[in-house]
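The residues making up each chain are set out below.
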Amino acid sequence: MNIVNLNDLSVQEINEIIDLAIEFKNGKKINYHGQKVIANLFFEPSSRTHYSFDMAAIKLNCHTQNFEASNSSLTKGESLYDTCKMFEMLGCDALVIRHPQDDYYKDLENVHIPILNAGDGKGNHPSQSLLDLMTIKEEFGHFENLKIAIVGDIKHSRVAHSNYDVMKRLGMDVMTSGPEDLKEEGYNYKPLDEIIGEVDILMLLRVQHERHGDNSNFSKDVYHHLYGLNETRYNRLKDNCIIMHPAPINRGVEIKDELVESEKSRIFTQMKNGVYVRMAMIHKVINDE
Ligand code: CP
């Protein structure tokens, strides 16, 4: 099986992955005794996703291969499909792929080993959504009726696109906010200062300059003033509200530097949870007959 878009998984399957990730965090061990090989193919830069998939495989006692696009036969014109078929023929047991093209995985239907989508263009980022959901479930114990505001460049964010759909399916009240020219058509949009005092989760996103050029109407200071988490907005958050961000963070833009590690922030917890979620994802796909 593949995990390329969470819309392909039932609510029960999503909860099973999250619950297994929480078991891993609590000490559960699964050991593949070096019998499985996971290939990490990143065609776009990544720190967290790449190295936490790698760490997840290591913790399951799988081997990994880490593809270096700039030093590969891609530079001689080899296609994504042929690159993936090569790893299948080498004997890899699963592919973790990040690629700038939306829905790239639709071109890989004839690859016969599991694919884990580590982010496709502005389309989806399923492992990020699952680690976000794990962090929320750890905090609140449930999803139903929790209010979340996802704030930032919604239109170009694969994190927003993955989370909006799955969080609604899980019964959450999902609102988006940020610059009006970066909102997503059809999504529930509210001005940040109208909703900041009523949300259980404030999820901040980076402006994805790399996906639409550096043509923002805002300087960093203006963005921070209009949409960033500053002390004034922090003090309006509910007592039990948590702050999330998929990172990388632009300190002083989406969030004031000093608030990144504030009491309400779960930003570094999200990174830690990413390893356990990716262990659960790898186990699910390589254990699926
Ligand atoms: N959150 C996230 O996807 O980070 P990286 O781009 O560093 O993997």
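Residues numbered from 1 in each chain as written. Predicted model: local features only at pLDDT ≥ 70, side-chain atom pairs only at ≥ 80, totals over all residues. Heavy atoms only, no water.

Asker: Is there a simple way to think about the packing of helix α4 (residues 126–140) against helix α10 (residues 267–286) in this case?
Answerer: Packed helix pairs are specified by the crossing angle of their axes together with the interaxial distance, meaning the distance between the axes. For the pair α4 and α10, interaxial distance at closest approach is 8 Å and the crossing angle is 115 degrees. Here α4 lies roughly perpendicular to α10, going by the angle between them. When you trace α4 past α10, the crossing you get is right-handed. Residue-level inspection shows S127, Q128, L130, L131, D132, M134, T135 and E138 of α4 in contact with α10, the latter providing T269, Q270, N273, G274, Y276, V277, R278 and M281. (Axes fitted to C-alpha atoms, helices over the stretch in contact; angles between N-to-C directions. Helix = DSSP H or I, 4+ residues; strand = E, 2+ residues; numbered from the N terminus. Parallel < 35°, antiparallel > 145°, perpendicular 65-115°, else oblique. Left-handed = near helix turned anticlockwise from the far one by under 90°. Contact = heavy atoms within 4.5 Å.)

Asker: Help me understand the domain arrangement of the chain, please; the structure alone is not making it clear to me.
Answerer: Often, the extent of an interface is quoted as the loss of accessible area upon association of its parts. Split into domains, the chain comes out as domain 1 (6–125 + 272–286) and domain 2 (126–266). One C-alpha centre belongs to domain 1, the other to domain 2, and the line joining them spans 25 Å. Each partner contributes residues to the interface: domain 1 has 32 residues there, and domain 2 has 27 residues. A buried area of about 2500 Å², summed over both sides, lies between domain 1 and domain 2, and 61% of it is on carbon and sulfur atoms. On the domain 1 side of the contact with domain 2, L6, K122 and H125 bury the most area, a combined 28% of that side's loss. Taken together, the connections running from domain 1 to domain 2 amount to 3 salt bridges. A salt bridge links K137 to D19; the nearest nitrogen and oxygen atoms lie 3.0 Å apart. On the surface where domain 1 and domain 2 come into contact, there are 16 residue pairs in polar contact (both at pLDDT 80 or more). The set of elements that each furnish at least two residues to the side of domain 1 that touches domain 2 consists of α1 (11–25), α2 (48–59), β4 (115–120) and α10. Broken down by element, the side of domain 1 that touches domain 2 gets its largest block of residues, 9 residues, from α1. (Domains from an automatic or database assignment. Buried area = accessible area lost by both parts, 1.4 Å probe. Salt bridge = Lys/Arg side-chain N within 4 Å of Asp/Glu carboxyl O. Polar contact = N/O pair within 3.5 Å; in protein donor to acceptor, adjacent residues only side chain to side chain.)

Asker: Honestly, the packing of α2 against α10 in this entry has me stumped. Any pointers?
Answerer: As a packed pair, α2 and α10 sit with axes 8 Å apart at the nearest point and diverge in direction by 55 degrees. One finds that α2 runs oblique with respect to α10. As α2 packs across α10, the resulting crossing turns out to be right-handed. Contacts from R48, T49, S52, F53, M55, A56, A57 and K59 in α2 reach M271, G274, V275, R278, M279, M281 and I282 in α10. Class assignment for the residues of the contact of α2 with α10 results in 9 nonpolar, 3 polar and 3 charged. (Nonpolar A, V, L, I, M, F, W, Y, C, P; charged D, E, K, R; others polar.)

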